[in-house]
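Okay, here's what each chain looks like letter by letter:
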Amino acid sequence: MNYKLTHLKELESESIYILREVAAQFEKPALLFSGGKDSIVMAYLAYKAFYPAAIPFPFVHIDTGHNFSETLSYRNELVQLLGAQIIVGSVEESIAQGRAVEEKGFSASRNKLQTVTLLDTLDKYKFDAALGGARRDEEKARAKERFFSHRDEFGQWDPKNQRPELWNIFNGKKQVGEHFRIFPISNWTEMDVWQYILQENIPLPSLYYTHEREVFERDGIIYAALPEMPRRATEKVEIKQVRCRTIGDITCTGLTLSTANSIADIIDEIATSRVTERGGRADDKRSEAAMEDRKKAGYF
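Here the structure is a predicted model, which means the values were calculated and not measured.

A. View of the pattern of salt bridges. Here the structure, examined in full by the defined rule, presents 16 salt bridges. For Lys37, the salt bridge identified is with Asp38, shortest N-O distance 3.7 Å. As far as burial versus exposure is concerned, Lys37 and Asp38 are alike and both buried. Put simply, Glu269 and Arg243 hold a salt bridge, and the shortest N to O gap is 2.9 Å. One end of the pair, Glu269, is in helix α7 (residues 263–271); the other, Arg243, is in strand β9 (residues 238–244), and 26 residues separate them in sequence. On the basis of relative accessibility, which here comes to 22%, the residue Glu269 falls in the partly exposed class. Residue Arg243 is classed as buried on the basis of its relative accessible area, which comes to 0%.

Here you go:
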């Protein structure tokens, strides 16, 4: 592919500039890694931003204990490939220590519990900046974020009190105990991410491609029939051809009926889709302001 100044090259340049700004302005940044496509692109951007030197900050993965096994295998392979360091925060440990309370019932999820583990991990290692792969086109709450998004000493976000960002000048000044969430790919769209993955030939977890899996349907969403997902007697297990459009905790990740076996197929599929990327995420459907409420409390 011709590497002229396309819109993808412009987006890449903007993101790399922000990554380098973070390395220059903060003493101890970290990259939040979920194993989803956005955090994977972030990892490769970081690798490119500082090559041939090593990535100057560790990856942080908040493990709910209910992750897809494919995600964990991919994570381990990627950090080895890129020569990165990985720090894992465990929701299981937060529950065992009484820091988080497990939800009960058929709709129980550990997704929200990640907030406690994340804030504890940031505090334990004294990280003053956490790089995330959120994009403004994903969800209305994320559209309110700046590139440099301030968090107070409790890890909380105030969407009404954010700093202006003019001419790519970023203000990383903070008080003791405060930190920033940094979103270098804020201006990317879902299509941009997939086109960049295709252009850069970035490998992905197998979950993103069509595969045969035991699934069941609940409230119009298809879920993987795994032990982490208790089912009602009326919820029948079927075998279908599905893939993940976005990857998170098993309990909130909806699957998409699909025949896409390549990145090109996926691009064609989402180009004609009338459902948003997070349309299958159960955690976003708990209330009209579910994402914003979680973000105010310290979520990704």
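B. Region of interest: the side chain of Ser15. Among the structural elements, Ser15 can be located in helix α1 (residues 7–25). A relative accessible area of 0% places Ser15 in the buried class. Only 2.8 Å separates the side chain of Ser15 from the backbone oxygen of Pro184, close enough to count as a polar contact. The residues contacting Ser15, other than those within four sequence positions of it, are Leu45, Pro184, Ile185 and Trp188.

C. A look at helix α2 (residues 37–50). Taking 1.5 Å as the rise per residue, α2 with 14 residues should run 20 Å; its terminal C-alpha atoms sit 20 Å apart, in good agreement. Most of α2 sits out of view: 12 of its 14 residues are buried. Within the sequence span of α2, burial applies to Lys37, Asp38, Ser39, Ile40, Val41, Met42, Ala43, Tyr44, Leu45, Ala46, Ala49 and Phe50. Packing partners of the buried residues in α2 comprise α1, β1 (29–32), β2 (59–63), α3 (69–82), β4 (129–131) and α6 (190–200).

D. Spotlight on the sheet that holds strand β5 (residues 148–151). Reading across from one edge, β3-β2-β1-β4-β6-β5 is the order of the 6 strands in this open sheet, with mixed pairing throughout. With partners counted over all chains shown, the strands left at the sheet margins are β3 (86–90) and β5, one partner each. Within this sheet the neighbouring strands show an average axis-to-axis angle of 30°, counted without direction. Note that β2 and β3 share 5 bridges and pair parallel. Among the inter-strand pairings, Asp63 is bridged to a residue of β3, identified as Ser90.

E. The arrangement of the nonpolar core in detail. Residues Phe59, Phe148, Ile182 and Trp194 are the most contacted members of the largest nonpolar core, which totals 62 residues. With 9 residues, the single largest contributor to this core is α2. Taken domain by domain, this core gets at least three of its residues from each of domain 1 (7–193 + 289–296) and domain 2 (205–284). Beyond its immediate stretch of four places on either side in the chain, Phe59 contacts Leu31, Phe33, Ala43, Val79, Leu82, Ala84, Gln85, Ile86 and Ile87.

F. Representation of the packing of aromatic side chains in the model. Within the structure shown, the criterion is met by 13 aromatic pairs. Between Phe147 and Phe170 the ring centres are 5.7 Å apart and the planes differ by 75°, which places this aromatic pair in the edge-to-face class. Note that Phe147 is positioned in the loop between β4 and β5 and Phe170 in the loop between β5 and β6 (179–182), a separation of 23 residues in sequence. Since its relative accessible area comes to 7%, Phe170 is described here as buried. Taken together through their ring pairs, the aromatic side chains of Tyr17, Phe26, Phe147, Phe148, Phe170 and Phe180 make up a single cluster.

G. Structural view of the environment of Asp158. Of note, Asp158 is situated in the loop between β5 and β6. Given the relative accessible area of 39%, Asp158 is considered partly exposed. Through-space distance from the C-alpha of Asp158 to that of Glu145 is 9.8 Å; in sequence the pair is 13 residues apart.

H. Representation of α3 within the structure. With 14 residues, α3 should reach 20 Å at 1.5 Å per residue; the first-to-last C-alpha distance of 20 Å fits that figure. Buried residues of α3: Thr71, Tyr74, Arg75, Leu78, Val79 and Leu82, and no others. Angular distribution of buried residues about the axis of α3 spans 130°; they occupy a single face of the element. Away from the buried face of α3 by more than 90 degrees, exposed residues Ser69, Glu77, Gln80 and Leu81 are located. Contact partners of the buried residues in α3: α2, β2 and β3.

I. Examining the packing of α2 against α6 more closely. At a minimum axis distance of 11 Å, the contact between α2 and α6 shows a crossing angle of 50°. With respect to each other, α2 and α6 are oriented oblique. Two packed elements cross with a definite hand, and for α2 against α6 that hand is left-handed. Taking contact as the criterion, the partners of Lys37, Asp38, Val41, Leu45 and Lys48 in α2 are, on α6, Glu190, Val193, Trp194, Tyr196, Ile197 and Glu200.

Criteria and cut-off values
Residues numbered from 1 in each chain as written. Predicted model: local features only at pLDDT ≥ 70, side-chain atom pairs only at ≥ 80, totals over all residues. Heavy atoms only, no water. Salt bridge = Lys/Arg side-chain N within 4 Å of Asp/Glu carboxyl O. Buried < 20%, exposed > 50% of the residue type's maximum accessible area, 1.4 Å probe, protein only. Helix = DSSP H or I, 4+ residues; strand = E, 2+ residues; numbered from the N terminus. Polar contact = N/O pair within 3.5 Å; in protein donor to acceptor, adjacent residues only side chain to side chain. Contact = heavy atoms within 4.5 Å. Expected span 1.5 Å × (residues − 1). Pairing = 2+ DSSP bridges. Axes fitted to C-alpha atoms, helices over the stretch in contact; angles between N-to-C directions. Core = buried A, V, L, I, M, F, W, Y, C linked by side-chain atoms within 4.5 Å. Domains from an automatic or database assignment. Phe/Tyr/Trp six-rings, centres within 6.5 Å; stacked < 30°, edge-to-face > 60°. Arc of directions from axis to C-beta. Parallel < 35°, antiparallel > 145°, perpendicular 65-115°, else oblique. Left-handed = near helix turned anticlockwise from the far one by under 90°.

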